[in-house]
Amino acid sequence: MASQFKWPVYIIGISGGSWSVIEPLIASGRIPNIERLICNGASGTVESIRVKGDKHFRPQTAWPTIASGLRPERHGVTRFFDDARDIKANMIWDVFQEQGAKVGLFGWPITWPPKPIDGFMVPSHLARDSQTWPSELSFIKMLDREGQSAERNSGNQSQGSTKQNRLKIVKSLLKTGLRPSSAMRIATTAARAIVTGDVEKRAILLRHAKLELNSDIFLSLVKQYQTDFSAFTTFLVDLISHRYWRYRDPDLFPNTDEESVIHFHDAIDKAYEHVDRIVGRVVAAAPGKSIIAIVSEHGMSAEPISAEIGKSRYIIQGDKVLEIVGLSSTIIACPVARWIAFRFQPNRDTQSNLAAKLGRILVKDTLLPLFQVHLHQDDEVIAKFNLHSDNEFYAKNGIDNLTLTYNDREFPISYIAKPLGSQRSAMHDAQALMILTGPGISAGKKIFDASILDFMPTILHAAGISVPSGLDGKVLDIFD
Ligand SMILES: [Zn+2]
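Keep in mind it's a predicted model, so treat the numbers as computed, not measured.

A.B. asks: Would you mind going over the nonpolar core in detail, with residue names and values included?
C.D. replies: Ranked by size, the top nonpolar core spans 59 residues in total, and within it F106, F120, Y244 and I294 carry the most contacts. Dropping the residues within four chain positions of it, F120 is found in contact with V103, G104, L105, F106, W133, P134, L137, F218, L221, V222, Y225 and T227.

A.B. asks: Describe in detail the coordination of the zinc ion, supporting the description with residues and values.
C.D. replies: Protein coordination at the zinc ion: the donors are D238 (OD), D238 (OD), H242 (NE2) and H428 (NE2), at 2.1 to 2.4 Å from the metal. Each of the four donor atoms bound to the zinc ion contributes to angles spanning 57 to 152°, and the resulting shape is irregular. The exposure class of H242 is buried, given its relative accessible area of 11%.

A.B. asks: Describe in detail the sheet that holds strand β19 (residues 450-451), supporting the description with residues and values.
C.D. replies: Through backbone hydrogen bonds, the strands of a sheet pair up, either in parallel or in antiparallel fashion. The mixed open sheet is built from eight strands, whose spatial order is β4-β3-β5-β1-β6-β18-β2-β19. Looking along the sheet, the strands with just one partner apiece sit at the ends: β4 (119-122) and β19. One ladder, built from two bridges, connects strand β2 (residues 42-47) with β19; its direction is parallel. Within β19, the position partnered with V46 by the bridge is A450. Across the sheet, helix α9 (residues 199-225) lies against β1 (9-14), β3 (103-106), β4 and β5 (229-234), angled at about 175° from β5, the strand it touches most. Helix-sheet contacts for helix α12 (residues 267-285) involve β1, β5 and β6 (291-295), and the interaxial angle to β1 is about 175°.

A.B. asks: Please give an account of unusual backbone geometry that cites residues and values.
C.D. replies: Most peptide bonds take the trans form, and the phi angle of most residues other than glycine is negative. Put simply, W112 and P113 share a cis peptide bond, and its omega is -5°. A cis geometry characterises the amide bond from W133 onward to P134, with omega recorded as -10°. Although it is not a glycine, L367 sits at a positive phi angle of roughly 60°. By the secondary structure assignment, L367 is in the loop between β11 (362-363) and β12 (371-376).

A.B. asks: Lay out the pairing of strand β14 (residues 403-406) in plain terms, naming residues and giving numbers.
C.D. replies: Summarising the sheet, β11 and β14 pair through two bridges and their orientation is antiparallel. What sits directly across from V363, in β14, is L404. Across four bridges, the pairing between β14 and strand β15 (residues 409-412) is antiparallel. For L404, the partnering residue across the bridge sits in β15 and is F411. Where β14 hands over to β15, the hairpin turn is made up of two residues, of which N407 adopts a positive phi near 50°.

Rules of the game
Residues numbered from 1 in each chain as written. Predicted model: local features only at pLDDT ≥ 70, side-chain atom pairs only at ≥ 80, totals over all residues. Heavy atoms only, no water. Core = buried A, V, L, I, M, F, W, Y, C linked by side-chain atoms within 4.5 Å. Buried < 20%, exposed > 50% of the residue type's maximum accessible area, 1.4 Å probe, protein only. Contact = heavy atoms within 4.5 Å. Donors = N, O, S within 2.8 Å, 3.2 Å for Na, K, Ca; no water. Tetrahedral: all angles 85-135°; square planar, octahedral: opposite > 155°, others 65-115°. Pairing = 2+ DSSP bridges. Helix = DSSP H or I, 4+ residues; strand = E, 2+ residues; numbered from the N terminus. Axes fitted to C-alpha atoms, helices over the stretch in contact; angles between N-to-C directions.

Written out as structure tokens, the structure is:
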């Protein structure tokens, strides 16, 4: 098919990217690549979006809004556990594909399960398994999961030496057609991160390694597949901002210990600096006349009084939960973010049976169910802790020493959940960011009265593709 788009498009998604952090970093010259894009293009604060009645701005609903120009009720992803099967709308890459573009997507949320496209699709951390398009790339998600389980099992030394890990990784990388020199560099970063000590420092290192690794692979794939529409999304800034805001702004958090402030006061700034280097590499890889855009789905700001319970955040051990309810053999527990997706062959009986059993795990002192349980499609049951600070008992006693019951059995919460790292100190806010550069886009233009809804129609317009009617977003007034 003849190409109907005028310019190639490169999108860098920075989950949680906020002007409140970017502005001082620009003032001190620490993020020159982002600064250059702002000077060369249009930029501003854009309003994020949430589902009516939800107290949070969620990446799950916001990223499909960025990609579709539609509100969550219209694109179909309204719940934290929805996936690409719930999407009812055309995404921006579908439109580009219809115009003959080759598409490369890396880490865009709610692209799992991936579908066949002319190009590549590597889903985000919200994926339930390692599926990619094409399937030869699934080792990337396997590496990702290895990194995740290294973090979840922090404290235990991981299996295998750095050298063995590296060899294994290099072999998979070479199978995808990456150059040996890139494969070697990527594998070294990956293998080193998997075995490093100290819990908090290791968590940060793992996340930086993941960005290094993923951006390297992304840029190699873009070259290899010759994509016209290429998007890379990173969650480094979001994750680091949640956990380390207290050290950046310790006055808001009176009980923060000084030692940690010394170690981590710069953690958020360093995350932005790292993303800035990736932006520089993407710009360098893009042809001279390209549309280059940076977008975040929400901003971040301090959360001095955490809505989370207890001093730590907890990771649910899905396999232990299945053992308690006696269903280990047929169901797979997939940890995703802070929740678990229990997956099985499509089966309504299994689904309602498992949901009922999970609902019978109670907290002994409150007699309340431990989990919020949701049914999803016909092959999943989703479980998330139902432990909130608005419950007086949990607020007063924390959750570290809860006793749980299932039928006649009693067991401590530590049997099915592990503390992992510190409590969050920042949360999502409404102020997302957008930076757009390219042929026809006015340099130094400020974006006003805009929403993440406007991203898709504005990019289509910039690329010379006619904007479909009936979108909730509009083309922004940023053109020469
Ligand atoms: Zn977040």
